2 protein chains.
Amino acid sequence: MWLIRVNMTDLTSRVEPLPDAYKHLGGRGMTSTIVAKEVPPLCHPLGPNNKLVFAPGIVTGTPAPTSARVSAGAKSPLTGGIKESNGGSSWAADLADMQVRALVIEGQAKKNGKYWGLNLAWDAAAGQPKVEFFDATKYAGKDLFEVFPKVYAKFGDKISISGCGVSGEYGYGNASIVYNDPAKRPTRYSGRGGLGSVMGSKGLKLIVLSRAGTPGVAITDEALFDQGRKKMIDALRTHDITKPKGALNTYGTAVLINILNEAGGLPTRNFSSGRFEGAAKIAGEAIFEGNKQRLDKELYNHACSPGCIIQCSNTWHNPDGTEAASCVEYESDWALGANCGIDNLDDIATMIKLCNGYGLDTIETGATIGVIMEAGVIPFGDSQGAINLIHEMGKGTPLGRILGGGTAFAGKAYGMTRVPAVKGQGMPAYEPRAVKGIGITYATSTMGADHTAGYTIAPEILGVSGKQDPLTPEGKAALSRGFQAATAFIDTSGHCLFIALAILDIASGMEGMVEECNGVLGTKWTTADIGRLGAEVLKAERAFNEAAGLGKETDRIPEFMRTEPLPPHNQVFDVSDEALDSVYAEL
Amino acid sequence: MWLIRVNMTDLTSRVEPLPDAYKHLGGRGMTSTIVAKEVPPLCHPLGPNNKLVFAPGIVTGTPAPTSARVSAGAKSPLTGGIKESNGGSSWAADLADMQVRALVIEGQAKKNGKYWGLNLAWDAAAGQPKVEFFDATKYAGKDLFEVFPKVYAKFGDKISISGCGVSGEYGYGNASIVYNDPAKRPTRYSGRGGLGSVMGSKGLKLIVLSRAGTPGVAITDEALFDQGRKKMIDALRTHDITKPKGALNTYGTAVLINILNEAGGLPTRNFSSGRFEGAAKIAGEAIFEGNKQRLDKELYNHACSPGCIIQCSNTWHNPDGTEAASCVEYESDWALGANCGIDNLDDIATMIKLCNGYGLDTIETGATIGVIMEAGVIPFGDSQGAINLIHEMGKGTPLGRILGGGTAFAGKAYGMTRVPAVKGQGMPAYEPRAVKGIGITYATSTMGADHTAGYTIAPEILGVSGKQDPLTPEGKAALSRGFQAATAFIDTSGHCLFIALAILDIASGMEGMVEECNGVLGTKWTTADIGRLGAEVLKAERAFNEAAGLGKETDRIPEFMRTEPLPPHNQVFDVSDEALDSVYAEL
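Below is a summary of the structure that appears in this document. (Residues numbered from 1 in each chain as written. Chains lettered and ligands numbered in written order. Predicted model: local features only at pLDDT ≥ 70, side-chain atom pairs only at ≥ 80, totals over all residues. Heavy atoms only, no water.)

Here B:Ala500 shows up in helix H20 (residues 499-503). B:Ala500 gets classed as buried once you look at its relative accessible area, which sits at 11%. (Helix = DSSP H or I, 4+ residues; strand = E, 2+ residues; numbered from the N terminus. Buried < 20%, exposed > 50% of the residue type's maximum accessible area, 1.4 Å probe, protein only.)

Turning our attention to the nonpolar core. Within the largest apolar cluster, 249 residues are counted, with the highest numbers of intra-cluster contacts made by A:Trp334, A:Ile390, B:Trp334 and B:Ile390. Once residues within four sequence positions are removed from consideration, B:Ile390 is found in contact with B:Leu336, B:Met351, B:Leu354, B:Cys355, B:Tyr358, B:Leu360, B:Thr365 and B:Ile369. (Core = buried A, V, L, I, M, F, W, Y, C linked by side-chain atoms within 4.5 Å. Contact = heavy atoms within 4.5 Å.)

So, on to the sheet that holds strand S7 (residues 116-123) of chain A. Residue and element names in this part refer to chain A. Pairing in this open sheet of six strands is mixed, and the strands run S8-S7-S12-S9-S10-S11 from one edge to the other. The open sheet has two edge strands with one neighbour each: strand S8 (128-135) and strand S11 (188-190). Strand-to-strand, the axes of this sheet are offset by a mean angle of 20°, without reference to chain direction. Bridging between strand S9 (residues 159-164) and strand S10 (residues 177-179) involves three bridges; their strand directions are antiparallel. Within S10, the position partnered with Cys164 by the bridge is Ile177. Relative to S9, helix H2 (residues 90-97) is tilted by about 115°, and along the sheet it contacts S7, S9, S10 and strand S12 (204-210). (Pairing = 2+ DSSP bridges. Axes fitted to C-alpha atoms, helices over the stretch in contact; angles between N-to-C directions.)

Looking now at the pattern of salt bridges. On inspection of all chains with the given rule, the structure shows 88 salt bridges over all chains. For A:Glu106, the salt bridge identified is with A:Lys51, shortest N-O distance 3.2 Å. Of this pair, A:Glu106 sits in strand S6 (residues 100-106) while A:Lys51 sits in the loop between helix H1 (27-38) and strand S3 (52-56), and the two are 55 residues apart along the sequence. A:Lys51 shares its class with A:Glu106; the two are buried. Note that B:Glu146 and B:Lys150 form a salt bridge whose closest N and O atoms lie 3.3 Å from each other. Of the two residues, B:Glu146 and B:Lys150 are both situated in helix H3 (residues 144-155); the distance of four residues between them amounts to about one turn of the helix. Among the residues examined, B:Glu146 registers a relative accessible area of 36% and is labelled partly exposed. One salt-bridge network, held together by shared partners, links A:Arg5, A:Arg14, A:Glu16, A:Glu38, A:Lys51 and A:Glu106. (Salt bridge = Lys/Arg side-chain N within 4 Å of Asp/Glu carboxyl O.)

Turning our attention to the relation of the copies chain A and chain B. Note on the copies: chain A fits chain B at an RMSD of 0.0 Å, the axial shift is 0.0 Å, and the rotation between them is 180°. Classification of the inter-copy transformation places it as that of a two-fold axis. Relative to the rotation axis, the C-alpha of A:Pro398 is the closest in chain A, positioned 2.8 Å from it. (Least-squares fit on C-alpha atoms with pLDDT ≥ 70 in both.)

Right, let's get into the state of the cysteines. Tallied over the entire structure, the rule returns zero disulfides over all chains. The structure places no disulfide on A:Cys496, whose sulfur is separated from the nearest cysteine sulfur, that of A:Cys308, by 6.3 Å. Residue B:Cys327 stays outside any disulfide, its sulfur separated by 6.1 Å from that of B:Cys312, the closest cysteine. On the basis of relative accessibility, which here comes to 6%, the residue B:Cys327 falls in the buried class. (Disulfide = S-S within 2.5 Å.)

Turning next to the pairing of strand S6 (residues 100-106) of chain B. Residues and elements named next belong to chain B. Of all seven residues that make up S6, seven are buried, and the element is covered over most of its length. Of the pairings in the sheet, the one linking strand S1 (residues 2-7) to S6 comprises six bridges and is parallel in character. Note that in S6 the partner of Asn7 across the bridge is Glu106. Where strand S3 (residues 52-56) and S6 come together, three bridges link them in antiparallel fashion. Paired with Phe54 across the two strands is Leu103, which belongs to S6.

Now for the packing of aromatic side chains. Within this structure, the stated rule accounts for 21 aromatic pairs over all chains. Ring geometry for A:Trp91 against A:Tyr179: centres 5.5 Å apart, planes inclined by 45°, an arrangement best described as tilted. With A:Trp91 in helix H2 and A:Tyr179 in strand S10, this residue pair connects regions lying 88 residues apart in the sequence. Per residue, the accessibility class of A:Trp91 equals that of A:Tyr179, and both read buried. An aromatic cluster is built from A:Phe54, A:Trp91 and A:Tyr179, whose rings are joined through pairwise contacts. The residue whose ring lies beneath A:Lys353 is A:Phe145, and the NZ or CZ to ring-centre distance is 5.0 Å. Over the ring of B:Tyr152 we find B:Lys184; its NZ or CZ atom is 5.2 Å from the centre of that ring. (Phe/Tyr/Trp six-rings, centres within 6.5 Å; stacked < 30°, edge-to-face > 60°. Lys NZ or Arg CZ within 6 Å of the ring centre and 35° of its normal.)

On to the interface of chain A and chain B, then. Contact with chain A, which involves 29 residues of that partner, is made by 29 residues of chain B. Of the roughly 2,500 Å² buried between chain A and chain B, counting both surfaces, carbon and sulfur atoms make up 59%. Its largest share of buried area at the contact with chain B, chain A owes to A:Phe409, A:Glu553 and A:Glu559, together 23% of the area lost on that side. Connecting chain A to chain B are eight residue pairs in polar contact (both at pLDDT 80 or more). Of all the secondary-structure elements, those providing two or more residues to the side of chain A that touches chain B are helix H15 (398-404), helix H16 (407-413) and helix H22 (530-547) of chain A. (Buried area = accessible area lost by both parts, 1.4 Å probe. Polar contact = N/O pair within 3.5 Å; in protein donor to acceptor, adjacent residues only side chain to side chain.)

What follows concerns the sheet that holds S1(B). Note on sheets: strands pair through backbone hydrogen bonds, and any given pair is parallel or antiparallel. All names here are of chain B. Spatial ordering of the open sheet is given by S2-S1-S6-S3-S4-S5, a layout of six strands whose pairing is mixed. Strands at the two margins of the open sheet, each flanked by one partner only, are strand S2 (12-17) and strand S5 (82-88). Neighbouring strand axes in the sheet, compared pairwise and without regard to direction, differ in orientation by 15° on average. The pairing of S1 with S2 spans six bridges and is antiparallel. Note that in S2 the partner of Trp2 across the bridge is Pro17.

Moving on: unusual backbone geometry. With omega at 0°, the peptide bond leading from A:Pro567 into A:Pro568 counts as cis. Checked against the element boundaries, A:Pro568 lands in the loop between helix H23 (559-563) and helix H24 (577-585). Positive phi outside glycine occurs at A:Lys184, with the angle close to 70°. Turning to its location among the elements, A:Lys184 is positioned in the loop between S10 and S11. A positive phi is found at B:Lys423, a non-glycine position, where the angle reads about 55°.

Residue and element names in this part refer to chain B. Where helix H17 (residues 436-444) contacts helix H19 (residues 476-493), the axes come no closer than 9 Å and their chain directions differ by 60°. Between H17 and H19, the crossing angle belongs to the class labelled oblique. Two packed elements cross with a definite hand, and for H17 against H19 that hand is right-handed. Facing Lys436, Gly437, Ile440, Thr441 and Thr444 of H17, the residues of H19 in contact are Lys476, Ala477, Ser480 and Gln484. In terms of residue class, the contact of H17 with H19 is built from two nonpolar, five polar and two charged. (Parallel < 35°, antiparallel > 145°, perpendicular 65-115°, else oblique. Left-handed = near helix turned anticlockwise from the far one by under 90°. Nonpolar A, V, L, I, M, F, W, Y, C, P; charged D, E, K, R; others polar.)

In this section: helix H12 (residues 345-358) of chain B. All names here are of chain B. The end-to-end C-alpha separation of H12 is 20 Å, in line with the 20 Å expected for 14 residues at 1.5 Å each. Extensive coverage of H12 is indicated by the burial of 10 of its 14 residues. Here H12 has its buried residues at Leu345, Ile348, Ala349, Met351, Ile352, Leu354, Cys355, Asn356, Gly357 and Tyr358. For H12, the side-chain oxygen to backbone nitrogen distance between the N-cap and Asp346 is 2.8 Å, and the N-cap itself is Asn344. Following H12 by one or two positions, Gly359 has its phi on the positive side, about 80°. (Expected span 1.5 Å × (residues − 1).)

What follows is the structure in structure tokens.
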């Protein structure tokens, strides 16, 4: 097991045995531990003292289902706090199969328009991975749909790619790290928190992983691992949400559009309503039916990364049957659709593809455009205007830089008070006033407004792990705390968060996750340890944030949501500050 | 004595007797007390829950010399913390003479492009001030050099005016509140912290004070007051810096250009050097000599406000003898000159006048342009480019909005790491690496980077109140703390801070200040109380900031100043975090 340090200041690298203290860490547990330990909390996020850490999860690279996940971590230029943003891609599995448990990018190359790439490959003679630098300047300033094929052409097919788009070169707060999908497109993301800009700030454009000859992940107890894996597979294949031709496989994550709209929690036109009259036109069902019409067949979804059996990635097709965009995630669909008053899937797909090409976080982009529409720069519902705004970001114009700064930043540029963001990060597709638990997660998460940090939507809306009234604040601090801790463990394990939708209802699936981890690591964890292990990760993140100046005063929902009732339920966000503060105080 | 509350939400006002608890407060003491008590620390600074408070100082409106000062206070849209920004103008004296000790603007008018004005006048029949609203929409969107004459034309000559420029309508972080000078120009400022935008956000464009029939300030003990006043006058007329035809009266505040340049502490080209090769061309001496050449006579400076005997306000003249700009303050001269690599007084004057017309803080503007020049938007030294950038701000273009957001904001838009700002506020004209005490003031002041908050330049550079080595950090935390507390008292008294340059050396002047206050209020303060009374103000401000999320982690100098040595002394900012934290911990 290896930890690789790459120093961009002097373009050197060191391949080190993984320190004992890190042996049971993976994914978010690894990135947050290293960032909390090694990054000065008050450093400039785009300066030489920030570090960008990549870590595959504990079971990533193994046959554990739905586990080709990698965490990227750093101090975030968007929030100013610690950030972990995980994505699914063969890149994750390839890093794990190289037995690299952490890749730490340090320092900063001198800027003169020059960018570098890294190529990690297995050095069979030395029995360890090796790192080579290559000049990546020619890939800078270009659309990633142009860049990725060139990189494949240069390095061959047996590689995976991560990189930043022009957004990361510009230093935007909404710049993502982009990974290849199975069709080699630049569509899989460590999306949130501006980590693409941390990568770009270091003069690092691309990280190419060559998978030839890699030894694969060492599994300590194959039998136990296999037992766990089977339990996990059974759970995922059984649950209505995650099973083949189930909700996610049929409609993709966009199945949530109608569900949230029905619940009055689909933020519409910059969070001014919880219902969108055009919801049905952009819903997962509309994608499925639209594809059926345009392709003359039923199209079920595909995997975003190797080994996923949920397979929730959809593709939207043009009227002539060619591909428009893959994937139209719920969050992207909402952000660039309902939140902007746009109800046309073709336009939404156009915007998603542009974001992929420029390396932009679709959530942050849509939340930002919503604010800018309210500011009157373009009207709500103006698809072409919104498309043009994304091009402004791609071109790095002054307007593009305002938008690229993210929701809170753009709101400030236009003196707006209705700005849906926490710790500088734009809110995702669930309304805090209509779903109180997720509001608590937005407010208190170490990540800023992040639905994945503690997805209380499961019980509050989906009826997973019981059913709770979304409108009541009662008991929701504890609910969010529990979800945040469990999530930190799942993000550490290397599984996609969507496994939770099954294993929260199917106890054997939860056991399976822990057995998979024990099988790989030789640990003796039980499901009772999940909360504790997750809490340790959260505590490290929280400590970093407090040292970076993000104390409990930043654990708050924007003022307008406390005073402005949201249709149709006409509720405000009525969770007390005491309840918010209890989430981490009682962790 | 009156406290007036104006509610912009329903366009009503209440004239109330001044509460007993506020009877010994004035200026900054008054505004900070009211803001700390009444404004929710986490409210949106441009929302209805922020309050904008104006308060004349304790002796403002009396014959005390150099005391026509008004404090404006609110939660700052620039720093996110409490803000007091004081300016000198007849407006201050007129408010005091109306026996109004605090004017509190609350709520928010509904926006639809409509702006309001207030006219405060003395109601002789009622024996109290009265407030009238007038429609000020026609003054919106215009240069203040166009607006002010129209307001005089409407209300007559016996008025004073405060207002916000277009910058305040746009909601910029660098929008100031602008007051009339003796020649009725819009050139006197509550400059820092974006208070013009707080005014604009409330739908309030102008506040007109009609001085006819006002009763004047009540003085409790005339004899004591007069004794104090004479001591103060003697001190100001004696000290080399403040006396007639002394340093300030001859060269203006721009006398500091050569002094700081010589000390290696004049920030040049976005704080990349402490020496500017063009310093002599923009120095106060060059202004004096240039005017002499162009006017064919020696021109000494004038008062910015009634009753000032220091009279430091200069005017720069065009080659044909017409007025170019008044006043070319040291800070403006530096910000738009040395900090941008510009050494042409005519261009600097053009920029100052544009800032005045748009209502922009010249310090924030110049610090921002310095960062933007380093980002490569225009080159250092490009006067015409800089002039164009100020016009962009005036027009509210996307680039203008980036710049209007201030130094830290613009730096973020361009992904810059060398950004001279603390708590979001751009640094003034003294280099922390060359003058350690002022760096401590920048870091720890409740106001963000603010030289006036604790002007340790006096002993560190000017030899006032002793002489201290500017390059050593030793003892500077205590020095800054003492200056910050004394300053809070001076800002409360209603005197211009420049009196400190005399009374720190002349003890009887210090006594005079306290006796003036005692004379007005009937208090029994001694000079020994100054530190304690000032500290009370600072503690209220600090508590507000902490509740607003600005804890000690924000009391830091930017990272690059800790690692990048500054020519010519090649020093970094080497004050420890412990020393910084001790400033308020030991207050």
